[in-house]
Amino acid sequence: MLTSIVGINWGDEGKGRMVDLLSKDYDVVCRYQGGNNAGHTVINERGKFVLNLLPSGILREGVVCVMGPGMVIDIKHLAGEMARLREQGIVITPENLKISDRAVITMPYHVQQDCLEEARLADKKFGSTRRGIAFVYADKYMKKAFRMGELLNLDRLAKRVPDIVEWKNLTIANAYGAEPVKTEDMLAYFKEYGEPLRDYICDTGLYLNAAQKAGKKIMLEAQLGALRDLDYGIYPYTSSSNNIAAYGPIGAGVPNLKLDKTIGIMKAYSTCVGEGPFTAEYFGEKAEKLRKAGGEYGAATGRPRRVGPFDAVASRYGIRVQGADEIALTKLDILSGHEELEICTAYELDGKKLTEFPFTDVLDDCKPVFETVKGWNCDISACRKKEDLPKEALDYIRLLETLCECKIKYVSVGAERDAYIEM
Ligand code: GDP
């Protein structure tokens with residue numbers, strides 16, 4: 001059984017907490033793309049955890065976690081994340097964590113390049129998380145990257161380092177005029193942060209195929225959401241990898257396996273970190289109120305997120321490109337306490353109404369069309385059954401299902417593991 005859990009919107013939908021919840025029925029949880037630009041916050045009976053690189057399944061005993069070949073891994077960051085989780089009582093061993101030998105290593109110079117470029121762009125900046133992600137993926141496609149498997153033979157790896165360093169300095173030192181990268185620093189870096197990971201590195205495809213044959217249930221955990229997918233999102237304001245479910249088996253190491261199910265995580269309202277078109281955006285007091293209620297500040301960066309009401313146009317598109325079979329609607333509790341709620345049901349462009357998500361360039365000229373529905377004035381965070389919900393909340397859920405043409409199977413009403421309703 002191969003299931004993917006993916007984001008329908010701009011990321012930060014609460015995928016981490018849904019994976020944490022749903023992983024109870026799974027044996028393996030695998031991340032298949034992105035790097036430590038992800039920030040999943042999970043709260044359960046063991047505490048509050050922020051995960052950047054490790055799959056959220058690491059918090060469950062008995063679950064094996066896999067970091068797939070589609071990922072980019074900052075090994076220094078990983079060392080810190082593992083140490084932090086261990087301090088919080090989480091056991092991490094080569095038995096419950098497998099890292100793909102094909103995954104690419106994010107180097108300190110990728111982070112440096114990211115910062116140099118954002119500084120160069122100044123007020124035209126992209127709003128990068130400055131974790132080097134675009135630069136390491138670029139190097140992967142240039143075939144100038146290092147992969148995790150190379151850490152298994154540091155002598156062989158050492159032979160490639162001087163050439164890459166020379167090439168990298170053409171940009172870092174010659175173009176940006178920054179301090180050049182040094183071969184000896186890179187070698188020391190690989191030794192310090194690579195050596196402790198040796199026993200975790202393997203062919204994750206082999207492992208996952210065997211697990212699948214043995215009847216184990218495998219969950220693929222995405223980072224970010226459909227609208228940040230490199231090819232299908234709001235390019236160029238996307239991430240640098242493909243997070244869509246169809247890429248999952250490739251990025252996990254099992255291109256030969258087919259997905260059995262895709263669960264889309266969709267937020268009850270809209271949020272977006274960084275730059276780029278965000279049609280349904282709220283501003284001023286309205287925005288501040290929603291941002292505060294939802295605690296919408298980035299887990300990885302602390303940046304205030306842009307917020308808006310539920311966007312049916314973008315969400316229906318997200319559901320389509322993800323191929324979602326069912327939806328988990330998150331953070332519905334945040335919308336409590338309003339007489340009325342707005343929903344963006346269409347975009348207006350040159351006097352015409354659009355209900356299908358358009359080509360990214362056009363988005364800049366689109367204006368949101370809001371419709372108003374009845375809100376609910378009571379706290380719903382203690383509701384655990386659909387019958388507990390006020391009629392207006394149920395109507396809101398049903399309307400979203402109709403607008404998005406997809407069944408909503410779970411609704412979360414709080415950050416804690418059990419704060420959800422199965423519809
Ligand atoms: P992810 O990157 O998609 O996992 O999302 P984030 O972790 O960035 O954002 C989700 C945030 O909302 C986290 O702080 C969660 O603890 C919190 N959260 C998740 N589900 C709910 C919910 O149903 N209600 C409330 N109030 N908070 C939630």
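Up top you'll find the structure we're talking about.
Residues numbered from 1 in each chain as written. Predicted model: local features only at pLDDT ≥ 70, side-chain atom pairs only at ≥ 80, totals over all residues. Heavy atoms only, no water.

Examining the overall build of the protein
This is how the line gets drawn: Helical segments are the DSSP runs of H or I of at least four residues, strand segments are the runs of E of at least two, and each set is numbered from the N terminus. The quantity called the radius of gyration is restricted to C-alpha atoms. Its globule counterpart is 2.2 Å times the number of residues to the power 0.38. Any two residues whose heavy atoms approach within 4.5 Å are treated as being in contact. Per-residue accessibility takes into account occlusion by the displayed protein chains alone, with areas from the Shrake-Rupley method and a 1.4 Å probe. When charges are counted, Lys and Arg contribute as positive and Asp and Glu as negative, whereas His and the chain ends are disregarded. We put the charge of a Lys on NZ, of an Arg on CZ, of an Asp on CG and of a Glu on CD.
Across its full length, the protein holds 12 helices and 20 strands. Taken over the C-alpha trace, the protein has a radius of gyration of 22 Å; the compact-globule value for 423 residues is 22 Å, and the two agree within 12%. The principal-axis extents of the C-alpha atoms in the protein amount to approximately 65 × 50 × 40 Å. For the protein, the share of sequence-separated contacts (at least 6 apart) that also reach a separation of at least 24 residues comes to 76%. Of the roughly 17900 Å² of accessible surface on the protein, a fraction of 51% belongs to carbon and sulfur atoms. Both charge centroids of the protein, one from 57 positive and one from 61 negative side chains, sit 2 Å from each other.

Points about helix α4 (residues 133–142)
Let me state the cut-off plainly: Only protein chains enter the calculation, and the probe is 1.4 Å; a residue is then buried if its accessible area is under 20% of its type maximum, exposed if over 50%, and partly exposed in between.
All of the buried residues in α4 are Ile 133, Phe 135, Val 136, Tyr 137 and Asp 139. Those residues of α4 hidden inside the fold are in contact with β6 (72–74), β8 (104–106), α3 (108–121) and α5 (154–175). Just beyond α4, the residue with positive phi is Lys 143, at close to 60°.

Focus on the side chain of Asn 9
Filter applied, for reference: For this analysis, a polar contact is any N or O atom pair within 3.5 Å, provided that within protein one partner can donate a hydrogen and the other can accept it, and provided that sequence-adjacent residues contribute only side-chain to side-chain pairs.
Tracing the sequence through the fold places Asn 9 in the loop between β1 (2–7) and α1 (15–22). One polar contact links Asn 9 to Ser 315, side chain to side chain, over a distance of 3.0 Å. Leave out the neighbours within four places in its chain, and Asn 9 touches Gly 225, Ala 226, Leu 227, Arg 228, Ile 265, Met 266, Lys 267 and Ser 315.

Observations concerning the site of the ligand
The following threshold applies: Proximity is defined per residue: if any heavy atom of the residue lies within 4 Å of a molecule or strand, that residue is considered near it.
Taken together, 17 residues lie around the ligand, and Gly 14, Lys 15, Gly 16, Asp 333 and Ser 412 are the ones closest in. Here an oxygen atom of the ligand and a side-chain polar atom of Asp 12 are 3.2 Å apart. The separation between an oxygen atom of the ligand and a polar main-chain atom of Val 413 is 3.5 Å. Across the complex, the protein chains shield 90% of the 590 Å² of accessible surface that the ligand would expose by itself. Within the residue set of the shell around the ligand, elements represented by two or more residues are α1 and β3 (40–44). Ranked by the residues each element gives to the shell around the ligand, the list is headed by α1, at three residues.

Describing the side chain of Glu 326
As for its placement among the helices and strands, Glu 326 is situated in strand β15 (residues 326–330). Residues in contact with Glu 326, not counting those within four places in the same chain, are Lys 261, Thr 262, Ile 263, Gly 264, Cys 406, Lys 407, Lys 409 and Tyr 410.

A closer look at the nonpolar core
Using the following cut-off: Among buried residues, those of type Ala, Val, Leu, Ile, Met, Phe, Trp, Tyr and Cys that are joined through side-chain atoms within 4.5 Å constitute a nonpolar core.
The biggest cluster of nonpolar side chains holds 55 residues, and the ones touching the most others in it are Leu 54, Ile 73, Ile 75, Met 148 and Phe 190. Sort the elements by how many residues they give to this core and α5 lands first, with six residues. Within the second largest apolar cluster, 35 residues are counted, among which are Ile 218, Val 313, Val 321 and Tyr 347.

Structural notes on the pairing of β1
Condition: At least two DSSP bridges between two strands are needed for those strands to be called paired.
Extensive coverage of β1 is indicated by the burial of six of its six residues. Side-chain alternation along β1 places Leu 2, Ser 4 and Val 6 on one buried face and Thr 3, Ile 5 and Gly 7 on a second face that is also buried. In this structure, β1 lies alongside strand β10 (residues 218–225), joined through five bridges in parallel fashion. Bridge assignment links Thr 3 to a residue of β10, and that residue is Met 219. Bridge count for β1 against strand β11 (residues 261–267) is five bridges, and the pairing is parallel. Along β11, the bridge assignment pairs Val 6 with Gly 264.

Some remarks on the pattern of salt bridges
Rules: Just to be clear on terms, a salt bridge is a Lys or Arg side-chain nitrogen sitting within 4 Å of an Asp or Glu carboxyl oxygen.
In total, this model carries 25 salt bridges according to the counting rule given. Of the charged contacts in the structure, one is a salt bridge between Glu 117 and Arg 120, with a shortest N-O distance of 2.8 Å. Taken together, the positions of Glu 117 and Arg 120, both in helix α3 and three residues apart, correspond to about one turn of that helix. Classification of Arg 120 by relative accessible area gives exposed; the value is 55%. Notably, a salt bridge pairs Arg 160 with Glu 150, separated by 2.7 Å at the nearest N-O pair. With Arg 160 in helix α5 and Glu 150 in the loop between α4 and α5, this pair connects stretches of sequence that are 10 residues apart.

Things to note about the sheet that holds β10
For clarity, the threshold we go by: Angular values range over 0 to 180 degrees, each being the angle between N-to-C directions of two axes fitted as lines to C-alpha atoms, with helices fitted over their stretch in contact.
Strand order in the open sheet formed by 10 strands is β9-β7-β5-β2-β10-β1-β11-β15-β19-β20, with mixed pairing between adjacent strands. Two strands close off the open sheet at either side, each with one partner strand: β9 (201–202) and β20 (420–422). As defined by bridge partners, strand β19 (residues 408–412) adjoins β20 across three bridges and the pair is classed as antiparallel. Residue pairing for β20: Tyr 410 is matched across the bridge by Glu 422. In this fold α1 packs onto β1, β2 (28–31), β10, β11, β15, β19 and β20, with an angle of close to 170° to the strand it touches most, β10.

Focus on the packing of aromatic side chains
Stated formally: Stacked, tilted and edge-to-face pairs are distinguished by plane angle, under 30 degrees for stacked and over 60 for edge-to-face with tilted covering the rest, among Phe, Tyr and Trp rings (Trp via its six-membered ring) whose centres lie within 6.5 Å.
In total, this model carries nine aromatic pairs according to the counting rule given. Judged by centre distance (6.4 Å) and plane angle (55°), the rings of Tyr 410 and Tyr 420 are tilted. You can see Tyr 410 sitting in strand β19 and its partner Tyr 420 sitting in strand β20, a full 10 residues away along the chain. On the accessibility criterion, Tyr 420 (18% relative accessible area) is buried. Ring pairs connect the aromatic residues Tyr 317, Tyr 347 and Phe 357, which therefore count as one cluster.

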